[in-house]
Amino acid sequence: MRLPLPRLPLQLWLLGSYALVFAMPVAALLGTGALAWDLVNQTKEDLEHQGALIAMVAAERMGKPQRMNEMLAAAKQQTLSGIRITDDAGVVVASSGDGVGEDLSDDAEIRAALEGSQGLAIKPRPGAVGLRGRGLSSQSRHADVRVFVAVPITRDGEVLGAVILSRTPREEFQAFWQMAPRLWLGALLAVLSTAVLALLAGHYASRSLRSLGRASERFAAGQLADDGTSADARDSRISETAALADAMEAMAARLRARLAYISEFAGNVSHEFKTPVSSLRGTIELLRDDEAMPAEQRARFLDNALGDLDRLSRLVGGLLRLARAEEGGARETIDALALARDVAQRYANIALSGENVKLVGAREQVETALANLVENARKYGGSGVRIEVFHAPPLAGFRVIDDGPGIDPAHLPRLFERFFTTDRARGGTGLGLALVKAVAEAHGGHARVESRPGRTSFELALRAES
Ligand code: ADP
């Protein structure tokens, strides 16, 4: 399922998500006024505890104004609250400040206390402007509130009066507001650094993505040479982007090599096919045009045509095998000594030596490559040919050694090239060693030659089974 989200630059996404993450705890802290409300609540609890204590003592001293006033004076020293005590009609009988004789029975919190339960009121402080009608949480954000707690004074279940304590949570608020500028500064710094971080991260990420986009457009336009368009992505501080850019350039390099190979291959093939095809054409035209040609000459021409056709079909067969070898093939475990024995048995007088080692590869292709080496040794080398199985971890494979005259050093570098042959006259196609090399490389190994008069050794190395 896809969320119906807009398509935006990466920077905006990052900025948005960073801001959201930042805003949530801040909103919870400030938006709900939780901090300030907590302070009001704390004040209320304090007052309740004090009220309960005073009500206990006051129950004993009800009707004894002198002793009541002593108690209030003592309590006043211990607490910052204003304390008043009313009789059961709500008239103030004692006060830590003024107001004795005042009738408070209209106040809801006092009515509640006189009915036996605890009363609570949070009122704007006298003199505070414009607070009436605002919500509690908005009031509590200011220091201009006063918390009133009224506790019933009871004796034997009878309500004798009420203790009213009041205090503004000012001290706590002051502490909070002293901290507030620092809080705001911290929040501002956090917002700024979040924004800078989001913009920077977005900038770097989108710069490298843009660079990848440019590189892909270049590949799509067939320009596979590295012109630096993906440099930003390869230098990216985001490891996945850098890896992707590297992989894309590696892919382009492979494609480049492949294209070069294909065009060279096509050139080689058409060159190789040109001679037999034009020779065939010439022969057929001659036979068509010269009806009076003597039978003997006609037979010679026909033989030549057959020879050309043979060459063409050998070339086609060799190219097919080469293409298959370059593709690789299904891997299996190969007993190297057994395979060498199978190949050696096809010819007379081939000596065999070496270790019993297992290879990993496409058996048919490895066998064809080894057979090519043995056939060359017999064709170009001396009478003594041997196959040596070797093991040089992680590689293993075969050496085909003959005691022939050796290879002209000028030919050595070109020996494994496609269509390189010194034996064209006898039908050589120059595809035998190219196939050996292709098989070796497709198997993660190599093909090498060492040659001096009297000893030529071809090595076909593949991966040994680990
Ligand atoms: P082809 O046998 O059709 O010429 P190859 O690719 O098999 O093609 O061999 C390329 C050339 O390498 C041969 O023409 C030959 O000159 C040389 N060559 C291969 N094997 C040997 C060898 N054992 N001794 C000497 N020359 C060799």
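Residues numbered from 1 in each chain as written. Predicted model: local features only at pLDDT ≥ 70, side-chain atom pairs only at ≥ 80, totals over all residues. Heavy atoms only, no water.

**Description of the sheet that holds strand 12 (residues 455-463)**
Put simply, the rule reads: Note on pairing: DSSP must find at least two bridges between two strands before they are called paired. Secondary structure elements follow DSSP: runs of H or I of four or more residues count as helices, runs of E of two or more count as strands, with numbering from the N terminus. The convention used is that axes are lines fitted to C-alpha atoms, helices contributing only their stretch in contact, and that angles between N-to-C directions extend from 0 to 180 degrees. We call two residues in contact when some of their heavy atoms are within 4.5 Å.
With mixed pairing, 5 strands are arranged side by side in an open sheet as 7-9-10-12-11. Each having just a single partner strand, strand 7 (350-354) and strand 11 (446-452) make up the two edges of the open sheet. The sheet shows a mean angle of 15° between the axes of neighbouring strands, taken without regard to direction. Contacts from helix 10 (residues 336-344) reach strand 7, strand 9 (385-392) and strand 10 (395-402) within the one sheet, and its direction differs from that of strand 7 by about 175°. The strands that helix 12 (residues 432-442) touches are strand 11 and strand 12; relative to strand 12, the one it contacts most, it runs at about 35°.

**A short note on the pairing of strand 1 (residues 82-87)**
Looking at chain direction, strand 1 and strand 5 (residues 158-167) are connected through 6 bridges and run antiparallel. Along strand 5, the bridge assignment pairs Gly82 with Ser166. Direction of pairing for strand 1 relative to strand 2 (residues 92-95): antiparallel, over a ladder of 3 bridges. Across the sheet, Arg84 pairs through a bridge with Ser95, a residue of strand 2. Hairpin geometry of strand 1 and strand 2 is characterised by an intervening segment of 4 residues between the two adjacent antiparallel strands and by a positive phi of about 90° at Gly90.

**Topic: helix 8 (residues 239-289)**
We count it as follows: Expected span of a helix, by definition, is 1.5 Å for each gap between consecutive residues, and there is one gap fewer than residues. Fitting axes to the seven residues that end at a residue and to the seven that start at it, the angle between those axes gives the bend at that residue.
An ideal rise of 1.5 Å per residue puts 75 Å on 51 residues; helix 8 measures up with 73 Å between its terminal C-alpha atoms. A bend of about 35° at Lys274 is the largest found in helix 8, and the proline Pro276 appears one to four places after it.

**Some words on the site of the ligand**
Cut-off, in case you're wondering: We call a residue near a given molecule or strand whenever any one of its heavy atoms falls within 4 Å of it. Pairing of N or O atoms within 3.5 Å defines a polar contact, subject to two protein rules: one partner must be a possible hydrogen donor and the other a possible acceptor, and residues neighboring in sequence count only if both atoms are side-chain atoms. To be clear on the numbers: accessible area is Shrake-Rupley with a 1.4 Å probe, and residue cover counts the displayed protein chains and nothing else. Throughout this entry, Asp, Glu, Lys and Arg are counted as charged residues, while Ala, Val, Leu, Ile, Met, Phe, Trp, Tyr, Cys and Pro are counted as nonpolar. The remaining residues, Gly among them, count as polar.
Lining the immediate environment of the ligand, one finds 18 residues, of which Asn376, Tyr380, Thr421, Thr422 and Leu433 sit closest. Residue Lys379 places a side-chain N or O atom 3.5 Å away from an oxygen atom belonging to the ligand. Between a nitrogen atom of the ligand and a side-chain N or O atom of Asp402, the distance comes to 3.0 Å. Coverage of the ligand by the protein amounts to 94% of the 530 Å² it exposes when considered alone. Residue contributions to the shell around the ligand peak at 4 residues, all from helix 11 (residues 363-380). Here the shell around the ligand is built from residues that sort into 8 nonpolar, 7 polar and 3 charged.

**A word on the side chain of Asn376**
Note the cut-off: Buried means the residue's accessible area, taken with a 1.4 Å probe over protein chains only, is under 20% of the maximum for its type, while exposed means over 50%, and partly exposed covers the values in between.
Position of Asn376 relative to the elements: it lies in helix 11. Judged by its relative accessible area of 17%, Asn376 is buried. Apart from the residues lying within four places of it in its own chain, the contact partners of Asn376 are Gly381 and Leu433.

**Quick word on the domain arrangement of the protein**
Stated precisely, the cut-off is as follows: Domain ranges listed in this record stem from an automatic or a database domain assignment.
Each domain of the protein was delimited in the assignment, giving domain 1 (22-170) and domain 2 (332-463). Look at where the C-alpha atoms of domain 1 and domain 2 centre, and you get two points 105 Å apart.

**Some points on the environment of Ala410**
Looking at the element boundaries, Ala410 is found in the loop between strand 10 and helix 12. A relative accessible area of 56% places Ala410 in the exposed class. Placed 182 residues apart in sequence, Ala410 and Gly228 show a C-alpha to C-alpha distance of 40 Å.

**Re the environment of Ala195**
Inspection of the secondary structure assignment puts Ala195 in helix 6 (residues 170-220). Relative accessible area serves as the criterion here: at 26%, Ala195 is assigned to the partly exposed category. Along the sequence, Ala195 and Arg167 sit 28 residues apart, while their C-alpha atoms lie 43 Å from each other.

**Details of the sheet that holds strand 5**
Read across the sheet, 5 strands follow the order 2-1-5-4-3 without closing on themselves; strand pairing throughout is antiparallel. Sheet topology places strand 2 and strand 3 (119-124) at the edges, where each strand pairs with a single neighbour. Shown here is a sheet whose adjacent strand axes are inclined to one another by a mean of 25°, direction ignored. Of the pairings in the sheet, the one linking strand 3 to strand 4 (residues 145-155) comprises 6 bridges and is antiparallel in character. Considered in strand 4, the bridge of Pro124 is made with Val145. Strands strand 1 and strand 2 of the sheet are contacted by helix 3 (residues 65-78), whose axis makes an angle of about 155° with strand 1.

**Things to note about the packing of helix 8 against helix 9 (residues 295-327)**
Here is the rule: Roughly parallel refers to an angle under 35 degrees, roughly antiparallel to one over 145, roughly perpendicular to one between 65 and 115, and oblique to any angle outside these ranges. A clockwise turn of the near helix away from the far one marks a right-handed crossing, whereas an anticlockwise turn of less than a right angle marks a left-handed crossing.
Axis separation between helix 8 and helix 9 bottoms out at 8 Å; the angle between their running directions is 165°. One way to sum up the angle between helix 8 and helix 9 is to call them roughly antiparallel. In the crossing of helix 8 with helix 9, the sense of the turn from one axis to the other is left-handed. Looking at the contact of helix 8 with helix 9, its residues break down into 18 nonpolar, 2 polar and 6 charged.

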